[in-house]
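Report on the structure
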Amino acid sequence: MILFMEPEASVIVESGVDLTSEQMVELRELAGSRDVPADVALRARIVLWSGEGRRRKDIAELAGVAPLTVDRCKARYAARGLAGLEEKRRGGVPRCRRRCGLG
């Protein structure tokens, strides 16, 4: 499912994420892989559950995340495919460097 914001109203409209069988296989492999970071595997599961037709609220509960996180995962996958499931690079100094007085 992908959520779209209607410009006239402040209403979020849900629409289904249509996944091909090939995409389902790729996402299942990613979700079950021990070679990818846990957050990437979780995002893959979120997209899979959405492709299965589960509700946003249920997916959030299953994944232990906020519903907004579910929306973001689906939108990033829709826009960028598997690459959208990876962590985005962030600017600035990493927290541990800042805390330790190194940055």
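Conventions adopted
Residues numbered from 1 in each chain as written. Predicted model: local features only at pLDDT ≥ 70, side-chain atom pairs only at ≥ 80, totals over all residues. Heavy atoms only, no water. Helix = DSSP H or I, 4+ residues; strand = E, 2+ residues; numbered from the N terminus. Buried < 20%, exposed > 50% of the residue type's maximum accessible area, 1.4 Å probe, protein only. Contact = heavy atoms within 4.5 Å. Areas by Shrake-Rupley, 256 points an atom, 1.4 Å probe, with all protein chains shown as cover. Core = buried A, V, L, I, M, F, W, Y, C linked by side-chain atoms within 4.5 Å. pLDDT = per-residue confidence, 0-100. Salt bridge = Lys/Arg side-chain N within 4 Å of Asp/Glu carboxyl O. Arc of directions from axis to C-beta.

Quick look at the overall build of the chain now. Scanning the chain for helices and strands turns up five helices and two strands. Reading the helices (α) and strands (β) of the chain from amino to carboxyl end gives β-β-α-α-α-α-α. Taken over 103 residues, the chain has a buried fraction of 27%. Sequence-distant contacts in the chain: of pairs separated by 6 or more residues, those separated by 24 or more amount to 41%. Working note: accessible area of the chain is about 7300 Å², and carbon and sulfur atoms make up 51% of it.

Of note, Asp 18 is situated in the loop between β2 (12-15) and α1 (21-32). Asp 18 sits in the exposed class, given a relative accessible area of 74%. Expressed as a C-alpha distance, the spacing of Asp 18 and Gly 51, which sit 33 residues apart in the sequence, is 6.1 Å.

Okay, the nonpolar core next. With 12 residues, the main nonpolar core is built from Val 17, Leu 19, Met 24, Leu 27, Leu 30, Ala 31, Val 40, Ala 44, Val 47, Leu 48, Tyr 77 and Leu 85. Listing elements by their share of this core, those giving two or more residues are α1 and α2 (38-51). If near-sequence neighbours (up to four positions away) are discounted, Tyr 77 is found in contact with Leu 19, Gln 23, Leu 27, Val 47, Leu 82 and Leu 85. In this structure, Ile 46, Ile 59, Val 70 and Cys 73 belong to the second largest nonpolar core, which totals seven residues.

To continue, consider the confidence of the model for the chain. Summary statistics for the chain give a mean pLDDT of 82 and a share of 73% for residues scoring 70 or more. Considering only residues more than four positions removed or in separate chains, one finds that residues 4-13, a stretch of pLDDT under 50, has 12 contacts.

The final tally for this structure, using the stated rule, is five salt bridges. Of the charged contacts, one joins Arg 43 and Glu 87 as a salt bridge, the two residues approaching to 2.8 Å between their closest N and O atoms. Of this pair, Arg 43 sits in helix α2 while Glu 87 sits in the loop between α4 (67-80) and α5 (95-99); the two residues are 44 residues apart in sequence, bridging distant segments of the chain. When its relative accessible area of 13% is taken as the criterion, Arg 43 is described as buried. Look at the salt bridges and you will find they share partners, linking Asp 39, Arg 43 and Glu 87 into a network.

A turn of α-helix holds 3.6 residues, and therefore any two residues three or four places apart point the same way. Residues of helix α3 (residues 56-63) that are buried: Ile 59, Ala 60 and Ala 63. The arc enclosing the buried residues of α3, seen along the axis, measures out at 100 degrees, which places them on a common side. In α3, the exposed residues that point more than 90 degrees away from the buried face are Lys 57 and Glu 61. Looking one or two residues past α3, Gly 64 carries a phi angle of roughly 75 degrees, positive in sign.

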